[in-house]
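What follows is the residue order along each chain.
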Amino acid sequence: MKITVLTLFPEMYENFVSTSIIGRAVNKGLVDIEFVNIRDFALDKFKHVDDKPFGGGHGQLMKCQPVLDALNSVKADNSYTLMMSPLGKVYNQKKARELSEKDHLIIICGHYEGLDYRINKHCDELVTIGDYILTGGEMASMVIMDSVIRLLKGSIKEESTTDESYENDLLEYPQYTQPANYNGDEVPSVLTSGNHAKIREWRIRQSILLTYQNRRDLFDKHEFSEEEKKILQKLIDEKEIILE
């Protein structure tokens, strides 16, 4: 996979691309990451990439010309262009999996007060990582890249990416490690019992319960398997879950 980031601040990514899972994926050749400085495509001697918005308003907007020239310099037939924007759909794990299947992902990072609206039509998709404001799209693009790269085959063990929160609209069950007793706070005994059937049931139960308690929106849209339905019914009978 290839990822191209169009940004005014490529230096922000130096540690990101060389650390942990991302760094290993790059070194193993699983992903090729390149950074294109939008300012390199400015036409005037002062390298201006922004200007005042028509009609007045606060701040500056990034101009079409340098952004689109930068985009056209890297875009190919197999490219998929993503732009960080509050107009976009909220990013989630399903979208991360979709993007991990792309051959060439281009991410446009805005800055200042945003980008000229005409740039939108040159993108395949607009995405936001949440309902809050960042200084620019760079940090958001790192979130996208991290979530996508870890899904590439060979980045981490495949089973580590299939049994996680959000993968099936349920939150992940609680997990514990040594010591089994920490200052009187003990790991649930079922996890040390060696009974794998009971452990599986406990984990599904906890996953359902945690999702119900913390993310009712995910719980309500989840399609329960037959196994999950039986455990859900037990939780309802025990009045751990009350459905209206």
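Data block above holds the structure.
Residues numbered from 1 in each chain as written. Predicted model: local features only at pLDDT ≥ 70, side-chain atom pairs only at ≥ 80, totals over all residues. Heavy atoms only, no water.

S.K.: In this structure, what is going on with the environment of I236? I would like to understand it.
M.R.: As for its placement among the helices and strands, I236 is situated in helix α8 (residues 226-237). For I236, a relative accessible area of 27% translates into the label partly exposed. Beyond its immediate chain neighbours, meaning those up to four positions away, I236 contacts I241 and L243. (Helix = DSSP H or I, 4+ residues; strand = E, 2+ residues; numbered from the N terminus. Buried < 20%, exposed > 50% of the residue type's maximum accessible area, 1.4 Å probe, protein only. Contact = heavy atoms within 4.5 Å.)

S.K.: Help me out: how do you make sense of the nonpolar core in this one?
M.R.: Among the nonpolar cores identified, the biggest contains 26 residues, and I3, L99, I107, I144, M145 and I149 are the most heavily contacted of them. Looking at this core, the elements that each hand over two or more residues are β1 (2-7), α1 (20-27), β5 (79-90), α3 (93-100), β6 (104-108) and α4 (138-149). Element by element, the count of residues in this core is highest for α4, at 6 residues. I107 has contacts with I3, T4, V5, L6, L82, M84, S141, I144 and M145, leaving out every residue within four places of it along the chain. Within the second largest apolar cluster, 20 residues are counted, among which are L6, M62, I119 and C123. (Core = buried A, V, L, I, M, F, W, Y, C linked by side-chain atoms within 4.5 Å.)

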